[in-house]
Amino acid sequence: MMLNSSKIYCFRASWELSSPIRKHTIPDWLSVESNWQGYTIWTVPWIADVARVLGALEIEDSSDAWKSYLESLGFQNVTPVFGEDLFEDKLYSL
């Protein structure tokens, strides 16, 4: 059975307002970094898809659902951003 791969969703969140985030508590289906603008967060769809099949992740594959999920983890002022803006310094392409 072939899974339809989800897309990568990208967000920014305030590090000043968010609960203290500990790297070891971040699920594998999220990638989180921080810089002077706050947290940069993006989903890792190939892990999220497997987590959904296994029942470890029970959210819809939509920007609004991911935003709510991130807020439940303690991130504040979560804002969706274009992946190109998030990865422009890393030379990644979505």
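Residues numbered from 1 in each chain as written. Predicted model: local features only at pLDDT ≥ 70, side-chain atom pairs only at ≥ 80, totals over all residues. Heavy atoms only, no water.

**Examining the pairing of strand β2 (residues 30-35)**
For a regular strand, side-chain orientation follows a simple rule: the groups alternate between the two sheet faces. In this structure, β2 lies alongside strand β3 (residues 38-43), joined through 6 bridges in antiparallel fashion. For serine 34, the partnering residue across the bridge sits in β3 and is tyrosine 39. (Pairing = 2+ DSSP bridges. Helix = DSSP H or I, 4+ residues; strand = E, 2+ residues; numbered from the N terminus.)

**Here we look at the pairing of β3**
Summarising burial for β3: 6 of the 6 residues are buried, a large majority. Connecting β2 to the next strand, β3, in antiparallel fashion are 2 residues. (Buried < 20%, exposed > 50% of the residue type's maximum accessible area, 1.4 Å probe, protein only.)

**A look at unusual backbone geometry**
A positive phi angle, near 55°, is found at asparagine 77, a position not held by glycine. Its location among the elements puts asparagine 77 in strand β4 (residues 76-81).

**Quick look at helix α2 (residues 63-72)**
Those residues of α2 lying buried are Ala65, Trp66, Tyr69 and Leu70. In a view along the axis of α2, the buried residues occupy a sector of 135°, so they form one face of it. In this structure, the buried side of α2 is in contact with β1 (10-14), β2, β3, α1 (45-54) and β4. (Arc of directions from axis to C-beta. Contact = heavy atoms within 4.5 Å.)

**Focus: the environment of glutamine 37**
Within the secondary structure, glutamine 37 is located in the loop between β2 and β3. When its relative accessible area of 38% is taken as the criterion, glutamine 37 is described as partly exposed. Along the chain, glutamine 37 and arginine 12 lie 25 residues apart, while their C-alpha atoms are 8.1 Å from each other. Glutamine 37 has contacts with Arg12, Ala13 and Trp15, leaving out every residue within four places of it along the chain. There is a polar contact of 3.2 Å between the side chain of glutamine 37 and the side chain of arginine 12. (Polar contact = N/O pair within 3.5 Å; in protein donor to acceptor, adjacent residues only side chain to side chain.)

**Regarding the packing of aromatic side chains**
Enumeration according to the criterion identifies 2 aromatic pairs in this entry. With centroids separated by 5.3 Å and ring planes inclined at 85°, the aromatic side chains of tyrosine 39 and phenylalanine 75 adopt a geometry described as edge-to-face. Placement of tyrosine 39 in strand β3 and of phenylalanine 75 in the loop between α2 and β4 is noted, with a sequence separation of 36 residues between them. Neither tyrosine 39 nor phenylalanine 75 differs from the other in exposure class; each is buried. (Phe/Tyr/Trp six-rings, centres within 6.5 Å; stacked < 30°, edge-to-face > 60°.)

**Here we look at the nonpolar core**
Counting 18 residues, the largest nonpolar core has Trp29, Leu30, Ile41, Leu57, Trp66 and Phe75 as the members making the most contacts within it. Elements with a minimum of two residues in this core: β1, β2, β3, α1 and α2. Considering each element in turn, this core owes the most residues, 3 residues, to α2. Excluding residues within four positions of it along the chain, tryptophan 66 makes contact with Tyr9, Phe11, Trp29, Leu30, Thr43, Ala48, Arg52, Leu57, Ile59, Glu60 and Asp61. (Core = buried A, V, L, I, M, F, W, Y, C linked by side-chain atoms within 4.5 Å.)

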